[in-house]
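So the chains spell out like this:
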Amino acid sequence: MRALVISGGGSKGAYAGGVAEHLIRVQKRNYDMFIGSSTGSLLLTHLATGKIDKLYHIYTNVKQNSIFSLNPFIIKHKDDREYVTINYLNTILQFLKSKRTFGESKNLRKLIEKNITEEEFEVAKARTKDIVVTVSNLTKNKIEYKSINDFSYKEFCDWIWISCNYVPFMSLVNKNNCEYADGGFGSVVPIREAIRRGATEIDAIILESENMAHNKVLGKNPFSLMVNLYGFVIDQIERSNIIEGKLAAVNRDVILNLYYTPSRLTENSLVFNKKLMTEWWQQGFDYADKKTLEHKENELK
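No experiment lies behind these values; they were computed from the predicted model shown.

A. Geometry of the overall build of the protein. In terms of helices and strands, the protein carries 11 helices and 10 strands. Taken against the 2.2 N^0.38 rule, which gives 19 Å for 301 residues, the C-alpha radius of gyration of the protein at 18 Å falls within 12% of a compact globule. Projected onto the principal axes, the alpha-carbon positions of the protein cover approximately 60 × 45 × 35 Å. When burial is assessed residue by residue, the protein has 55% of its 301 residues classed as buried. For the protein, restricting intrachain contacts to residue pairs at least 6 apart in sequence, the fraction spanning at least 24 positions comes to 77%. As displayed, the protein offers around 14,600 Å² of accessible surface, 52% of which is attributable to carbon and sulfur atoms.

B. View of unusual backbone geometry. Cis geometry marks the peptide bond from Val167 to Pro168, where omega comes out at 10°. As for its placement among the helices and strands, Pro168 is situated in the loop between α8 (153-163) and β7 (173-175). Phi is positive for Lys28, which is not a glycine, with a value near 55°. Along the chain, Lys28 turns up in the loop between α1 (13-26) and β2 (33-37). Residues other than glycine seldom take positive phi values, yet Asn141 does so here, at roughly 60°.

C. Inspection of the packing of helix α2 (residues 39-49) against helix α7 (residues 118-127) at higher detail. Across the interface, α2 lies against α7 with an axial gap of 8 Å and an inter-helix angle of 70°. By the angle between their axes, α2 is roughly perpendicular relative to α7. Counting all contacts with α2, which are made through Thr45, His46, Ala48 and Thr49, the residues of α7 involved are Glu120, Val123, Ala124 and Arg127.

D. Here's a closer look at the packing of aromatic side chains. A complete count under the given rule lists 15 aromatic pairs for this structure. Ring geometry for Tyr31 versus Phe34: centroids 5.7 Å apart, planes at 65°, classification edge-to-face. Take Tyr31 and Phe34: they sit in the same class, and that class is buried. Here Phe185 and Tyr230 contribute two aromatic rings whose centre-to-centre distance is 6.1 Å and whose plane-to-plane angle is 75°, an arrangement assigned as edge-to-face. Of this pair, Phe185 sits in the loop between β8 (178-182) and α9 (191-196) while Tyr230 sits in helix α10 (residues 222-252), and the two are 45 residues apart along the sequence. The exposure class of Phe185 is partly exposed, given its relative accessible area of 25%. For Tyr230, a relative accessible area of 27% gives the class partly exposed.

Calculation notes
Residues numbered from 1 in each chain as written. Predicted model: local features only at pLDDT ≥ 70, side-chain atom pairs only at ≥ 80, totals over all residues. Heavy atoms only, no water. Helix = DSSP H or I, 4+ residues; strand = E, 2+ residues; numbered from the N terminus. Rg over C-alpha atoms; globule rule 2.2 N^0.38 Å. Buried < 20%, exposed > 50% of the residue type's maximum accessible area, 1.4 Å probe, protein only. Contact = heavy atoms within 4.5 Å. Areas by Shrake-Rupley, 256 points an atom, 1.4 Å probe, with all protein chains shown as cover. Axes fitted to C-alpha atoms, helices over the stretch in contact; angles between N-to-C directions. Parallel < 35°, antiparallel > 145°, perpendicular 65-115°, else oblique. Phe/Tyr/Trp six-rings, centres within 6.5 Å; stacked < 30°, edge-to-face > 60°.

So this is what it looks like as structure tokens:
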């Protein structure tokens, strides 16, 4: 059984879309199972139904206000670079309302239901053995995996949304008497879960460079420093997930193909820039094409 696994990575999901397009359209790979975490969860339904052009349009046109109903960031430009600073007004409003997050992502929930129709949900369910999204249950302190086969259309849209909620910058969601957040807090790359569910061959798209070593410019205020620290923690979880996935693949004799980004795409994946995301999609497609050619050349040697 072949599975496609897509990691978390916010706006870098555009790169994953490019890789997935090449795998499905050029290499003609048919997947029985799709598993994602965070932004990876957003991609799965359209990939399962073959709606890649629609997915491209979504990922290359999304803006900050498409995601945030209350945006905790202000994006500033200087010398062709983007800098992220805190939106003090919105943050103060959240404190005055006794909210526990700096921002809210209710617009993302609306975007999901707008772009994944109930008909597409049913087609995706019929075409695949499973579509699974990853969420973090903060109340019970554990990672949970939500299958499309276990929920109604609106419930599954909820789980996709919850999988993407990078708390405390996005919404903390109360569902089934538990509080949930981004699946990437515990499982950025759910390779091991794909193996546990019976995958025998896995293509895993990892939205980080293979060599994660690089020098970061740390934030100049507590808020931007917090963004950097969260990024550091997620990177460590990602490393652990990949190591665990590789070991599980070896133990279960599973074929595991890893697709990384060729370089670090962004310092803040919660910034959604149309121009950059369009470029990242093409970079992902080109990278998958290059990797395929290299594999064929190695086979001929």
